[in-house]
Amino acid sequence: MQRLFGTNGVRGVANEDLSPELALKLGKAIGSFVQGNIILATDTRSSNEMIKDAVIAGLLSTGCNVFDAKIAPSPALQYYVKNSDADAGIIITASHNPPEFNGIKVIDNEGMELSRNKEKEIEKIFFNERFVKVAWNEIGKVYDIDILDFYIEGILSLANTEKIKERNYKVVVDCGNGAACFVMPYLINEVAEVITLNAQPDGNFPGRMPEPSIENIEHLMKTVKSLEADLGIAYDGDADRAIFVDENGNYVYGDKSLAAIAGYILEKRRGKIVTPVSTSSCVEEYVKAKGGEVIYTKVGAPIVARKMKEIDAIFGGEENGGLIFPQHQYCRDSGMASIAMLEMLAIKDKKLSEIVKEIPHYFLVKSKIECENKKEVMEKLKEEIKGEIDYTDGIKVYFEDGWVLIRPSGTEPIIRIYAESKDKKKAENLVEKYKNLIQRLL
Ligand code: MG
């Protein structure tokens, strides 16, 4: 069976891999599978209207009704789907990818990314072209819908907003010309003074590229420092991830913000924290010190979210700024992350840099090797590598003062190698050592 959905839904260059013909056919397949009411949102990409209109045409032809939420952050759509009687959601977005990309992601009626099994059913309909086709008088209808206030109110209802307001924080919000523009400045304005950067929606992303990497958000870092703000926040294109900048204008890596907020939540309530095996040990060390436990999963936000639900975890997330708050919903949620961060600063009455300083620091070194026969090489590696090993996702070998993770890429002919240690040289040496071993096995 051919595969259509990748790890991030269907994604590709607009009008090339992701053509209107494909979008129409996918709309028909999704509509045939769901047969109900579907809420649809997009980020700010230039190709959105072409893809959205094609998807909608497909959905309507199967008799589904479409509720058009227009531009909205992914977590706002997911929150609405979860709390309404909608049967599914669709997000047109390529998240952090460059402007020429776009994508189609399907959300189940609980607001979570569709499970692989359900994706397979849609793929079966798509490739066999077994679409539902209704009569002319049963064609679905499109309704406009506004979901943004519902998302903002849901977040504020879960936070100690009075405590945050008392501190009179100044926050610089970098919306990256993406879906964050329509929500985050308004959300944060409810509890703090807001200064915005790149808050005009623009699919060419003139302010910065949609990935909130350290290279891309230098302007935010400088602005936080020069305006003497308390915090900076940058979002990715569909605003499910948030990256923070401390009061000195320093970039706070996602594993540190994950650890910080996990620690804060654990101070209120004991419980389990879920994160993928690729996450820095700084999270586990900090969580253990706060009396919590870390549960590791395979890499991928939907996998983390499902595990959290299964074991009733109190918090979880990824090292890229994707944080998941189960009391709100089981998906990456940058609006909730923003308010939780402000609440943590307010309740602890500390600067973000002070909290980050409490978290142990590890050096992570990443590398990759081109490899056509990934499966075979991984099998050989399993025989070669001895010691304390975790096979949750690829091979993770633990040492006294660090670890190495070897994983085949899900989409490319590449094997990735990550090594982490408190000693930078040691991490570099570990990567070299295992790179050489893989080269020998190729
Ligand atoms: Mg994203």
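Let us look at the structure shown here. Quantities reported herein were computed from a predicted structural model and do not represent experimental measurements.

### Details of the coordination of the magnesium ion
At step 1: Taken together, Ser95 (OG), Asp236 (OD), Asp238 (OD) and Asp240 (OD) make up the protein donors of the magnesium ion, found 2.0 to 2.2 Å from the metal.
At step 2: The sequence pattern formed by the donor residues of the magnesium ion is S-x140-D-x1-D-x1-D. Note that Ser95 is positioned in the loop between β4 (88–92) and β5 (101–107) and Asp240 in the loop between β9 (231–235) and β10 (242–245), a separation of 145 residues in sequence. An identical accessibility class is assigned to Ser95 and Asp240; each is buried.

### Thoughts on helix α15 (residues 424–441)
Each α-helix turn comprises 3.6 residues. Residues three or four places apart therefore point the same way.
At step 1: For α15, built from 18 residues, the straight-helix expectation of 26 Å at 1.5 Å per residue is met to within 8% by its first-to-last C-alpha distance of 26 Å.
At step 2: Residues of α15 that are buried: Ala427, Leu430, Val431, Tyr434, Leu437, Ile438 and Leu441. Along the axis of α15, the buried residues cluster in a sector spanning 130°; they form a single face. Turned more than 90 degrees away from the buried face of α15 sit Lys425, Lys433 and Arg440, all of them exposed.
At step 3: Buried residues along α15 sit against β16 (363–370), α14 (374–384), β18 (395–399), β19 (402–408) and β20 (414–421).

### Regarding the packing of aromatic side chains
At step 1: Enumeration over the complete set of coordinates arrives at eight aromatic pairs.
At step 2: Look at Tyr80 and Phe150: their rings are 5.6 Å apart centre to centre, the planes differ by 75°, and that puts the pair in the edge-to-face class. Linking Tyr80 in helix α3 (residues 74–83) with Phe150 in helix α5 (residues 148–156), this pair joins segments that are 70 residues apart in sequence.
At step 3: Relative accessible area serves as the criterion here: at 33%, Phe150 is assigned to the partly exposed category.

### Details of empty space enclosed by the protein
At step 1: Evaluation of the coordinates by the stated rule reveals one cavity of 30 Å³ or more.
At step 2: What the largest cavity holds in volume is close to 80 Å³.
At step 3: Lining the largest cavity are Gln78, Met112, Glu113, Asp240, Ala301, Pro302, Ala305, Arg306, Ile324, Tyr330, Cys331 and Arg332.
At step 4: By residue number, the principal contributor to the lining of the largest cavity is helix α11 (residues 301–311), which donates four residues.
At step 5: For the lining of the largest cavity, the residue count by class is seven nonpolar, one polar and four charged.
At step 6: Here the lining of the largest cavity spans two domains, since at least three of its residues come from each of domain 1 (10–146) and domain 2 (151–358).

### Things to note about the layout of surface pockets
At step 1: The calculated volume of the second largest pocket comes to roughly 280 Å³.
At step 2: In terms of residue count, helix α12 (residues 334–348) provides more of the lining of the second largest pocket than any other element does, four residues in total.
At step 3: Among the residues making up the lining of the second largest pocket, the classes are represented as twelve nonpolar, one polar and four charged.

### Description of the packing of helix α1 (residues 20–34) against helix α4 (residues 116–128)
At step 1: Axis separation between α1 and α4 bottoms out at 9 Å; the angle between their running directions is 120°. Comparing the axis directions of α1 and α4 gives the class oblique. Two packed elements cross with a definite hand, and for α1 against α4 that hand is right-handed. On the side of α1, the interface is formed by Leu22, Lys25, Leu26, Ala29, Ile30, Ser32 and Phe33, while α4 contributes Lys118, Glu121, Ile122, Ile125 and Phe126.
At step 2: A breakdown of the residues in the contact of α1 with α4 according to their chemical character gives eight nonpolar, one polar and three charged.

The rules behind the values
- Residues numbered from 1 in each chain as written.
- Predicted model: local features only at pLDDT ≥ 70, side-chain atom pairs only at ≥ 80, totals over all residues.
- Heavy atoms only, no water.
- Donors = N, O, S within 2.8 Å, 3.2 Å for Na, K, Ca; no water.
- Helix = DSSP H or I, 4+ residues; strand = E, 2+ residues; numbered from the N terminus.
- Buried < 20%, exposed > 50% of the residue type's maximum accessible area, 1.4 Å probe, protein only.
- Expected span 1.5 Å × (residues − 1).
- Arc of directions from axis to C-beta.
- Contact = heavy atoms within 4.5 Å.
- Phe/Tyr/Trp six-rings, centres within 6.5 Å; stacked < 30°, edge-to-face > 60°.
- 1 Å grid on protein atoms, 1.4 Å probe; cavity = no way out; pocket = protein on both sides within 12 Å on 5 of 7 lines; lining within 4 Å.
- Points joined across faces, edges and corners; volume = space filled by probe spheres on them.
- Nonpolar A, V, L, I, M, F, W, Y, C, P; charged D, E, K, R; others polar.
- Domains from an automatic or database assignment.
- Axes fitted to C-alpha atoms, helices over the stretch in contact; angles between N-to-C directions.
- Parallel < 35°, antiparallel > 145°, perpendicular 65-115°, else oblique.
- Left-handed = near helix turned anticlockwise from the far one by under 90°.

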